[in-house]
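# What the coordinates show
If you want the building blocks of each chain, they are given just below.
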Amino acid sequence: MAKELPMSYKLGETVEEIHIDGAEENRSAAASLIQQARISIDIFSQDLDAELYNNMEIEQSIFNLVRRHPNTRVRILVQDSRIAVRNGHRLIKLAQNLTSSVFINTPSGEFKTERCAFLVVDQLGILYRVSASNRNYKAILNYMSPQRAGKLTDYFNESWEHSTPDIQTRRIYV
């Protein structure tokens, strides 16, 4: 059974490392972090994990954030988006409609084989899975971890610099 996250967990305030291990717990944690975002969302994923990110709650939270804060940046690095594209992933459709705020790229070189997956929100909150292979959902969640979020953001930025826009997710105009 999934562990419910207390509503009192606040981005930038709650300093507690929470260990979670189920898909539903990860989805709930990702939704909670994304709902509280104010500046940036960075997602590093193998396949844009549908169990976590392909739901209306996350789609709506990102849409609302981008509308409220036009300078918001949502960056997604996905190693292989083919399954997500084929299944009509909500975040891909959102990126196709919000082209100036939501970006999807594919990492290259050494970053293409990274097995971890993570979400960093406002360079404060993190959801980190050491291994996303074989749908391993053991993760660390922290709403106030600027040092660890900074390291993940540095890694993400380096990966982003060596990435290219994901051609699978581009919007095709007819």
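First, a word on what this report is: a plain description of the structure on this page. Fair warning: this is a prediction, and the values are worked out from it, not measured in the lab. Each chain carries its own residue numbering, running from 1 in the written order of its sequence. Given that this is a predicted model, residues contribute local features only at a pLDDT of at least 70 and side-chain atom pairs are listed and counted only at 80 or more, while totals for whole chains, interfaces and linings are drawn from all residues. The side-chain values count all of the structure's non-hydrogen atoms but skip hydrogen atoms and water molecules.

Attention now moves to the sheet that holds strand β7 (residues 139-142). Spatial ordering of the open sheet is given by β1-β7-β6-β5-β2-β3-β4-β8, a layout of eight strands whose pairing is mixed. Unpaired on one side and paired on the other, β1 (18-20) and β8 (163-165) mark the two borders of the sheet. Each strand axis lies, on average, 15 degrees off the axis of its neighbour in the sheet, ignoring direction. A pair of strands is labelled paired if DSSP reports no fewer than 2 bridges between them. The secondary structure listing takes helices from DSSP runs of H or I that are at least 4 residues long and strands from runs of E that are at least 2 residues long, numbered from the N terminus. Axes, fitted as lines to C-alpha atoms, cover a helix only where it is in contact. Angles between the N-to-C directions of the axes lie from 0 to 180 degrees.

Salt bridges are identified by distance alone: a Lys or Arg side-chain nitrogen within 4 Å of an Asp or Glu carboxyl oxygen. Counted according to the given criterion, the structure contains seven salt bridges. Note that Glu 59 and Arg 90 form a salt bridge whose closest N and O atoms lie 2.7 Å from each other. Residue Glu 59 is located in helix α3 (residues 56-68), and its partner Arg 90 is located in helix α5 (residues 90-97); the two are separated by 31 residues in the primary sequence. The buried label applies to any residue whose accessible area, calculated with a 1.4 Å probe on protein chains only, is under 20% of its type's maximum; exposed applies above 50%, and partly exposed to all values in between. Residue classification places Arg 90 among the partly exposed residues on the basis of a relative accessible area of 29%. Counted as one network, the salt bridges with shared partners bring together Glu 24, Arg 27 and Glu 57.

Purely geometric stuff here, so don't read any function into it on its own.
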